[in-house]
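Reading the structure
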Amino acid sequence: MDVLIESSWKSRLSPEFEKEYFIRLSEFVKDEYRTKTIFPPGSLIFNAFNLCPFDKIKAVIIGQDPYHGPGQAHGLCFSVRESVEFPPSLVNIFKEIESDLGYKPMLTGNLERWAAQGVLLLNATLTVRAHQAGSHQKKGWEEFTDTVIRIINTERTNIVFFLWGAYAQKKGESIDRSRHLVLESVHPSPLSAARGFFGNKHFSKCNEYMSEKGIEPINWR
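Just so it is clear, the structure is predicted and the values come from calculations on it, not from any experiment. (Residues numbered from 1 in each chain as written. Predicted model: local features only at pLDDT ≥ 70, side-chain atom pairs only at ≥ 80, totals over all residues. Heavy atoms only, no water.)

Bringing helix H4 (residues 88-101) into the picture now. Compared with the 20 Å implied by 1.5 Å per residue over 14 residues, the 20 Å span of H4 between its first and last C-alpha is a close match. For H4, the complete set of buried residues consists of Ser89, Leu90, Asn92, Ile93, Phe94, Glu96, Ile97 and Asp100. Considering only its buried residues, H4 is in contact with helix H5 (112-115), strand S5 (160-164) and helix H8 (202-212). Following H4 by one or two positions, Gly102 has its phi on the positive side, about 85°. (Helix = DSSP H or I, 4+ residues; strand = E, 2+ residues; numbered from the N terminus. Expected span 1.5 Å × (residues − 1). Buried < 20%, exposed > 50% of the residue type's maximum accessible area, 1.4 Å probe, protein only. Contact = heavy atoms within 4.5 Å.)

The next point concerns the pattern of salt bridges. Scanning the model with the defined rule gives twelve salt bridges in all. Notably, a salt bridge pairs Arg12 with Asp55, separated by 3.8 Å at the nearest N-O pair. Highlighted residues: Arg12 in helix H1 (residues 7-17) and Asp55 in the loop between helix H3 (47-51) and strand S2 (59-63), separated in sequence by 43 residues. The exposure class assigned to Arg12 is partly exposed, which follows from its relative accessible area of 25%. One salt bridge connects Lys19 with Glu16, and the closest N-O pair in it is separated by 2.7 Å. (Salt bridge = Lys/Arg side-chain N within 4 Å of Asp/Glu carboxyl O.)

Remark: a regular strand shows side chains that alternate across the two faces of the sheet. With five of five residues buried, strand S3 (residues 119-123) lies mostly within the body of the structure. Residues Val119, Leu121 and Asn123 line one face of S3 and the alternating positions Leu120 and Leu122 line the opposite face, and both faces are buried. Two elements, S2 and S3, share five bridges in a ladder whose sense is parallel. Opposite Ile62, over in S3, you have Leu122 as the bridge partner. (Pairing = 2+ DSSP bridges.)

Now for the sheet that holds S2. Read from one edge of the open sheet, four strands run S3-S2-S5-S6, paired in parallel fashion. Each edge of the open sheet is held by one strand with a lone partner, namely S3 and strand S6 (181-185). Strand-to-strand twist of the sheet, defined as the mean angle between neighbouring strand axes without regard to direction, takes the value 20°. (Axes fitted to C-alpha atoms, helices over the stretch in contact; angles between N-to-C directions.)

Don't take any of this as a statement about function, it's just geometry.
Below, the structure is given as structure tokens:
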């Protein structure tokens, strides 16, 4: 199966595209786009990969589903398009950056600026029906993104993984802590942020680790 995805990823993930689960997933997703309103737009399903080639990865943030409101999702977890109102979790991420690093992030919720520096903004599920959170879970995306995490874990070293909330922590439980830095806390959702997301200082911890390893830190603005 020919999947339009950045070449360094395609060379590693091409075996997945021929597996039965991915063929079934592709058929399901194509049918959903034909018959329902699905986010993100089809051309942006693999946007996180296209904006962050494999060899450029410095950090991975693991989300769950794409946003399911109109105009929000564009293939990067927690990110929204230009001029779109910030979702509550993103508001809290920006609050923690300001508290941790002492500066306000830029006035846009479009996190392509992070992806360009080597932050893979990876949702566990890459598509969703409009206004139906979780509607494309357990269709095959999780198996695909588990493979992505496994490949990063085994082929790279000194990657910083951000695991916010129980879902992301379970998805990242196989990451080798001797090879990578794993940062865990509760999710930035308003339901949980005050119970340990605020004050986790993950952004400064990430940059300190990168500096120690001779890696250029991320500008989180």
